[in-house]
Amino acid sequence: MARNRSIVPPLLALLLGCNATLASAASLETWRHRDVEGSAYICVPAGEPPFPAVVLNHGVYLDQRGLGAAKQKGYEPEALCQALATDGYLAFLPIRRSGSSDLRTHLREVMSAMGVVMSRPDVDRSRVTLAGHSRGGLLSLAAAVRGSPARSYMLLAPASGNRGMLAKLLGSIDRINAPVLVMIERSDKFSEVQDTVDQLEAALRSSSVPHRVVRYDRGGGHDLFLAPGYYWPDMLDFLQNPP
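Bear in mind that the values here come from a model prediction, so they are computed numbers and not experimental data.

**Q** Account for the state of the cysteines, with residues named and values stated.
**A** For the coordinates displayed, the defined rule picks out one disulfide. Shown here is the disulfide that connects cysteine 43 with cysteine 81, its sulfur atoms set 2.2 Å apart. Taking the torsion about the sulfur-sulfur bond, which here is approximately 125 degrees, the covalent link between cysteine 43 and cysteine 81 counts as right-handed. Of this pair, cysteine 43 sits in strand E4 (residues 36-43) while cysteine 81 sits in helix H4 (residues 77-86); the two residues are 38 residues apart in sequence, bridging distant segments of the chain.

**Q** So what's going on with empty space enclosed by the protein? Residues and values would help.
**A** Per the counting criterion, the structure on display carries one cavity of 30 Å³ or more. Counted as a void, the largest cavity has a volume near 30 Å³. Forming the walls of the largest cavity are Leu138, Leu141, Leu155, Pro158, Ala159, Leu166, Thr196 and Leu200. Of all the secondary structure elements, the ones that give two or more residues to the lining of the largest cavity are helix H6 (135-145) and helix H8 (191-205).

**Q** Pulling in residues and values, what's your account of H4?
**A** Helical geometry: 3.6 residues make up each α-helical turn, so side chains three or four residues apart lie on a common side. Most of H4 is tucked away: nine of the ten residues are buried. Every buried residue belonging to H4 is among Pro77, Ala79, Leu80, Cys81, Gln82, Ala83, Leu84, Ala85 and Thr86, and all of these are buried. Downstream of H4 by a residue or two, glycine 88 has a phi angle that is positive, lying close to 100 degrees.

**Q** Tell me about the pairing of strand E10 (residues 211-216), and please be specific about residues and values.
**A** Direction of pairing for strand E9 (residues 180-185) relative to E10: parallel, over a ladder of six bridges. If you follow leucine 181 over to E10, its bridge partner there is arginine 212. Remark: the E9/H8/E10 crossover connection has right-handed handedness.

**Q** For helix H5 (residues 103-118), give the residues involved together with the corresponding values.
**A** An ideal rise of 1.5 Å per residue puts 22 Å on 16 residues; H5 measures up with 22 Å between its terminal C-alpha atoms. For H5, the set of buried residues is Leu103, His106, Leu107, Glu109, Val110, Ser112, Ala113, Met114, Gly115, Val116, Val117 and Met118. For H5, the N-terminal cap is aspartate 102; the gap from its side-chain oxygen to the backbone nitrogen of arginine 104 is 3.0 Å.

**Q** Explain the pattern of salt bridges residue by residue, including any values.
**A** Pairing is possible between side chains that carry opposite charge, provided their charged atoms lie close to one another. Going through the model one piece at a time under the given rule, you end up with eleven salt bridges. Arginine 97 is the partner of glutamate 37 in a salt bridge, and the nearest nitrogen-oxygen pair spans 3.9 Å. Here glutamate 37 is found in strand E4, whereas its partner arginine 97 is found in the loop between strand E6 (90-95) and H5, with 60 residues between them in sequence. On the accessibility criterion, glutamate 37 (43% relative accessible area) is partly exposed. A relative accessible area of 46% places arginine 97 in the partly exposed class. Connected through shared salt-bridge partners, Asp198, Glu201, Arg205 and Arg215 make up one network.

**Q** Tell me about the sheet that holds strand E8 (residues 152-156), residues and numbers included.
**A** Strand order in the open sheet made by the eight strands is E3-E4-E6-E5-E7-E8-E9-E10, with mixed pairing throughout. At either margin of the open sheet sits one strand with a lone partner, and together these are strand E3 (27-33) and E10. Adjacent strand axes in the sheet meet at a mean angle of 25 degrees, parallel and antiparallel pairs treated alike. Sheet analysis places E4 next to E6, joined by five bridges and oriented antiparallel. Within the sheet, the bridge partner assigned to serine 39 lies in E6 and is isoleucine 95. In the packing of H4 onto the sheet, the strands contacted are E4, strand E5 (51-57) and E6, and the crossing angle to E4 comes to about 60 degrees.

Rules of the game
- Residues numbered from 1 in each chain as written.
- Predicted model: local features only at pLDDT ≥ 70, side-chain atom pairs only at ≥ 80, totals over all residues.
- Heavy atoms only, no water.
- Disulfide = S-S within 2.5 Å.
- Helix = DSSP H or I, 4+ residues; strand = E, 2+ residues; numbered from the N terminus.
- 1 Å grid on protein atoms, 1.4 Å probe; cavity = no way out; pocket = protein on both sides within 12 Å on 5 of 7 lines; lining within 4 Å.
- Points joined across faces, edges and corners; volume = space filled by probe spheres on them.
- Buried < 20%, exposed > 50% of the residue type's maximum accessible area, 1.4 Å probe, protein only.
- Pairing = 2+ DSSP bridges.
- Right-handed = clockwise from strand over helix to strand, strands pointing away.
- Expected span 1.5 Å × (residues − 1).
- Polar contact = N/O pair within 3.5 Å; in protein donor to acceptor, adjacent residues only side chain to side chain.
- Salt bridge = Lys/Arg side-chain N within 4 Å of Asp/Glu carboxyl O.
- Axes fitted to C-alpha atoms, helices over the stretch in contact; angles between N-to-C directions.
- Contact = heavy atoms within 4.5 Å.

So, to be careful, I would describe these as geometric facts and stop short of saying anything about function.
Here you go:
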């Protein structure tokens, strides 16, 4: 079936500092990987495949309240999806279906979504990035430690998870075999997120993992990464020029 094509709104193109180019409209599609089912917003860039890809995982608020409530709070999956595609990346934004379940179930969904993306014929498997905001960032970190096939990771205001989970992950940080970007806004209202980034930065510095940590002081708090914003150029720079 042919995909619909749309032009990125001029304001968004201006915000992202790029020329508006044709990319597929964000579509919410179902997927299945082995015995795990899910849905995802998918956007495909203009041009000839295979494309680099970004798998971008949402925070726990959506798990607890649902997609509609998350959108009311400011989550803009369609805008994130199309912004990535406009910049040349196949965007895959999975929506977890297990609700506010345990982290192990959420991680299984994340790894399954990665399996779907890695099996797509229009994806360059050597250029797949796993990313996430809040709990999505924590899950991306967990996937990295557990041998995800991603070639880079972006952790946006990552959460700390259950008691002891972060310490276990940081204790295995040297298992990560790809560059890591960590981003946070200093006005993030969750002190545990600030602590997580501090501990993560210390662990990365003492490891051999190539990494970059960016702390902003321009506003937006924990919700900064729910939509494209001023952080976008730094994110693109990491995708195009990893450390």
